[in-house]
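A closer look at the structure
Here are the chains, one letter per residue:
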Amino acid sequence: MSGKHDSPQVRVADAAGIAAAAALLRGGGLVAVPTETVYGLAARADSADAVAAIYRAKGRPDFNPLIVHVPDLARAEELVMIDDRARKLAAAFWPGALTMVLPLRDGARIAPAVTAGLPTLALRCPAHPAMRALLEEGDLALAAPSANRSGGVSPTTAAHVVQSLGEQVPLVLDGGACAAGIESTIVALRADGSWQVLRPGPITEAQISAILGAPAGLVTSDRIEAPGQLASHYAPGKPVRLNAAAAHPDEFLIGFGPVAGAVSLSSAGDLAEAAARLYDCLHQAAGAAQPRIAIAPIPDEGIGIAINDRLRRAAV
């Protein structure tokens, strides 16, 4: 079940909306659904045709793996090998904005395209009530990357999804604006006992270190292991200048703290507010008359590390 639709149906993420979305997913269709991080484009993870529809809708490179969403640790154990480290992280951060990359279990019902040929699976147990209700109602593990064109600005409202994907997605569940506003932290748990943050996010490396101890050396590779590792990503379609104290005449300035801007990530200098508003501000900048975008300096600490990661990729 794939292809273009006359226009996306936007439904409130209530019981009736969830039931309609679950039926569509069971039939192999696509549904855009809110999570606490960003809106995801969901399909059943055990169907090659359904997963292919995600790639078609997003225009996504087929070497970029997808995150699979599950309702709990028990469902996760059907798909991946869970060790003590994973159990500790799940106890601390699930449901929530942490994705773990773990060894794929033999015989797991996961379409090959989900892992992009890797022997591992990126797995998350989300906290948003709409996504949790959908996982329970549909009784399916759901592959769900961000609900936007590949490489573009991620969506944090239903309107962003419609603007980016339009007729590519038949149903959008509207659960309001996403609370966290940036994608989940991705951590790889290595077979040798080491671990590595592959994508910074709302859960910081310091928080993970408090559970697992310091990472045992940094494993670097050019191989794409998880979403969000492409050099150019989250791009608003215009040149982006970072660490700007003021705007040039042809720039739309996104402010932070004392730098006011046309819009501000957080006039109070609150990094959590900045993360929640990041993609909405980039969407506004993309639609502005100015041909260029400037962004005020963001402290590279706490969740600011994740914000700056997204901004650097947007500026490539």
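Up top you'll find the structure we're talking about.
The following paragraphs examine the structure supplied in this document.

Here is what the cut-offs are and how they apply
- Residues numbered from 1 in each chain as written.
- Predicted model: local features only at pLDDT ≥ 70, side-chain atom pairs only at ≥ 80, totals over all residues.
- Heavy atoms only, no water.
- Helix = DSSP H or I, 4+ residues; strand = E, 2+ residues; numbered from the N terminus.
- Rg over C-alpha atoms; globule rule 2.2 N^0.38 Å.
- Buried < 20%, exposed > 50% of the residue type's maximum accessible area, 1.4 Å probe, protein only.
- Contact = heavy atoms within 4.5 Å.
- Areas by Shrake-Rupley, 256 points an atom, 1.4 Å probe, with all protein chains shown as cover.
- Lys, Arg positive; Asp, Glu negative; His and termini not counted.
- Charge placed at Lys NZ, Arg CZ, Asp CG, Glu CD.
- Salt bridge = Lys/Arg side-chain N within 4 Å of Asp/Glu carboxyl O.
- Pairing = 2+ DSSP bridges.
- Axes fitted to C-alpha atoms, helices over the stretch in contact; angles between N-to-C directions.
- Parallel < 35°, antiparallel > 145°, perpendicular 65-115°, else oblique.
- Left-handed = near helix turned anticlockwise from the far one by under 90°.
- Nonpolar A, V, L, I, M, F, W, Y, C, P; charged D, E, K, R; others polar.

Glancing now at the overall build of the protein chain. Along the protein chain, the regular secondary structure elements total 10 helices and 14 strands. The C-alpha atoms of the protein chain give a radius of gyration of 19 Å, which matches the 20 Å a tight globule of 316 residues would have. The principal-axis extents of the C-alpha atoms in the protein chain amount to approximately 60 × 50 × 35 Å. Among the 316 residues that make up the protein chain, the fraction classed as buried is 56%. Taking contacts inside the protein chain between residues at least 6 apart in sequence as the whole, the part at least 24 apart equals 68%. For the protein chain, the exposed area adds up to about 12,300 Å²; of that, 53% sits on carbon and sulfur atoms. Separation of charge centres in the protein chain, based on 26 positive and 30 negative side chains, amounts to 3 Å.

Along helix 2 (residues 48-58), the residues classified as buried are Ala-50, Val-51, Ala-53, Ile-54, Tyr-55, Ala-57 and Lys-58. Against the buried residues of helix 2 lie strand 3 (39-44), helix 5 (112-115), strand 7 (142-143) and helix 7 (158-165). Two residues or fewer after helix 2 comes Gly-59, characterised by a positive phi angle close to 65°.

Turning to the pattern of salt bridges, a few remarks are in order. Summed over all chains, the structure comprises 12 salt bridges. Measuring nitrogen to oxygen at the nearest pair gives 3.5 Å for the salt bridge that ties Glu-78 to Arg-75. Exposure remark for Arg-75: the relative accessible area of 18% places this residue in the buried category. One salt bridge connects Arg-87 with Glu-77, and the closest N-O pair in it is separated by 2.9 Å. Placement of Arg-87 in helix 4 (residues 84-93) and of Glu-77 in helix 3 (residues 73-77) is noted, with a sequence separation of 10 residues between them. Each of Glu-183, Asp-309, Arg-310 and Arg-313 takes part in one network of salt bridges that share partners.

Turning our attention to the environment of Ala-286. In this structure, Ala-286 sits in helix 9 (residues 271-287). A residue is classified by how much of its surface remains accessible, and Ala-286, at 31% relative accessible area, is partly exposed. Distance in space between the C-alpha atoms of Ala-286 and Val-153 is 9.1 Å, their sequence separation being 133 residues. Every residue in contact with Ala-286, bar those within four places of it in the chain, is listed here: Pro-236, Lys-238 and Ile-293.

Within the fold, Gly-166 resides in the loop between helix 7 and strand 8 (171-174). Among the residues examined, Gly-166 registers a relative accessible area of 16% and is labelled buried. Each C-alpha atom, one on Gly-166 and one on Ser-47, is 23 Å from the other, the two residues being 119 residues apart in sequence. Residue contacts for Gly-166: discarding those within four places in its chain leaves Pro-8 and Val-161.

Another aspect to go through is the sheet that holds strand 8. Sheet architecture is open: 10 strands sit in the order 1-8-2-3-7-4-6-5-9-10, paired in mixed fashion. Strands at the two margins of the open sheet, each flanked by one partner only, are strand 1 (9-12) and strand 10 (195-199). Alignment of strand 9 (residues 185-189) against strand 10, held across four bridges, turns out to be antiparallel. Residue Ile-186 lies in a different strand from strand 10, and its bridge partner there is Arg-199. Strand contacts of helix 2: strand 3 and strand 7, with the helix running at about 145° to strand 3, the strand carrying the most contacts. Along the sheet, helix 8 (residues 205-212) contacts strand 5 (98-103), strand 9 and strand 10; its crossing angle with strand 10, the most-contacted strand, is approximately 160°.

Turning to the packing of helix 4 against helix 8, a few remarks are in order. Relative orientation of the contacting elements helix 4 and helix 8 amounts to 125°, with a least axis distance of 10 Å. With respect to each other, helix 4 and helix 8 are oriented oblique. Every pair of crossing elements has a handedness; the one defined by helix 4 and helix 8 is right-handed. Note on element contacts: helix 8 touches helix 4 through Gln-207, Ile-208, Ile-211 and Leu-212, opposite Arg-85, Lys-88, Leu-89, Ala-92 and Phe-93. Partitioned by chemical class, the residues of the contact of helix 4 with helix 8 number six nonpolar, one polar and two charged.

Here we take up the pairing of strand 5. Working note: regular strand, side chains alternate between the two faces of the sheet. Burial analysis of strand 5 places five of its six residues in the buried class, the great majority of the element. Note that strand 5 and strand 9 share four bridges and pair parallel. Within strand 9, the position partnered with Met-100 by the bridge is Val-187. Two strands pair when backbone bridges link them, and strand 5 and strand 6 (residues 120-124) are joined in this way by five bridges, in the antiparallel orientation.

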